[in-house]
Amino acid sequence: EVQLVESGGGLVQAGGSLRLSCAASGFTFDDYAIGWFRQAPGKEREGVSCISSSDGSTYYADSVKGRFTISSDNAKNTVYLQMNSLKPEDTAVYYCARGFRGSSWLHPLMDYWGKGTLVTVSS
């Protein structure tokens with residue numbers, strides 16, 4: 001059974017940091033890309049960052065570039081998102097998801113999603 005479980009969300013002041021984790025199970029981890037997405041209330045879901053577990057390639061949305069860092073530990077089947085210099089506009093529910101065949105940064109195609117973890121950044 002494929003499962004993705006996020007953790008690490010919480011309340012933080014602007015300028016602070018959080019580290020999110022995505023624990024994956026039920027599939028061969030290094031055969032897929034794993035992406036982080038977020039959705040704020042009343043807004044559409046947007047891609048935040050992505051990593052290819054096979055070759056380690058990473059991608060970032062312009063809005064988080066230089067502040068967020070994605071990484072993976074293949075032995076633990078876990079992907080992390082280190083978020084620094086957080087801004088109120090980063091407030092959202094953050095989801096991790098698995099990319100299936102043909103998925104790319106420009107055309108993300110995700111087949112399994114976690115339930116999300118809430119990040120709230122206060123002013």
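In this text, all values refer to a predicted model and were calculated from it rather than measured experimentally.

Colleague: What should I look at first to understand unusual backbone geometry in this one?
Modeller: With the exception of glycine, the majority of residues adopt a negative phi angle, and the majority of peptide bonds are in the trans configuration. Residue Asn-77 is not a glycine yet carries a positive backbone phi of 50 degrees. Mapped onto the fold, Asn-77 is located in the loop between β7 (68-73) and β8 (78-83). Notably, Ser-85 is not glycine yet its phi reads approximately 50 degrees, a positive angle. Tracing the chain through its elements places Ser-85 in the loop between β8 and β9 (92-99). Classification of Ser-85 as partly exposed rests on a relative accessible area of 41%.

Colleague: How should I be thinking about the packing of aromatic side chains in this particular structure?
Modeller: Centre-to-centre distance and the angle between the planes together describe a pair of aromatic rings. Throughout the structure, instances matching the rule amount to four aromatic pairs. Pairing Tyr-59 with Trp-105 gives two aromatic rings, centres 6.1 Å apart and planes at 15 degrees, and the pair type is stacked. Taken together, the residues Tyr-59 in strand β6 (residues 58-60) and Trp-105 in the loop between β9 and β10 (110-113) connect sequence positions 46 residues apart. For Trp-105, a relative accessible area of 32% gives the class partly exposed. For the pair Tyr-95 and Trp-113, a centre-to-centre distance of 6.5 Å together with 80 degrees between the ring planes defines the contact as edge-to-face. With Tyr-95 in strand β9 and Trp-113 in strand β10, this pair connects stretches of sequence that are 18 residues apart. Overall, Trp-113 belongs to the partly exposed group, its relative accessible area being 30%. Three or more aromatic residues joined by ring pairs form one cluster here, namely Phe-37, Tyr-95 and Trp-113. Above the ring of Phe-37, the side-chain terminus of Arg-45 is found at 5.7 Å from the ring centroid.

Colleague: Honestly, the pattern of salt bridges in this entry has me stumped. Any pointers?
Modeller: In a structure, side chains of opposite charge can pair up when their charged atoms sit close to one another. Under the counting rule described, the total for this entry stands at five salt bridges. As a salt-bridge pair, Asp-90 and Arg-38 come within 2.9 Å of each other at their nearest N and O atoms. Separated by 52 residues along the polypeptide, Asp-90 in the loop between β8 and β9 and Arg-38 in strand β4 (residues 33-39) bring together distant segments of the chain. Relative accessible area serves as the criterion here: at 4%, Arg-38 is assigned to the buried category. Between Asp-62 and Lys-65 there is a salt bridge; the shortest N-O distance is 3.1 Å. Like Lys-65, Asp-62 is exposed. Counted as one network, the salt bridges with shared partners bring together Arg-38, Glu-46, Arg-67 and Asp-90.

About the thresholds
Residues numbered from 1 in each chain as written. Predicted model: local features only at pLDDT ≥ 70, side-chain atom pairs only at ≥ 80, totals over all residues. Heavy atoms only, no water. Helix = DSSP H or I, 4+ residues; strand = E, 2+ residues; numbered from the N terminus. Buried < 20%, exposed > 50% of the residue type's maximum accessible area, 1.4 Å probe, protein only. Phe/Tyr/Trp six-rings, centres within 6.5 Å; stacked < 30°, edge-to-face > 60°. Lys NZ or Arg CZ within 6 Å of the ring centre and 35° of its normal. Salt bridge = Lys/Arg side-chain N within 4 Å of Asp/Glu carboxyl O.

In short, geometric facts, not functional conclusions.
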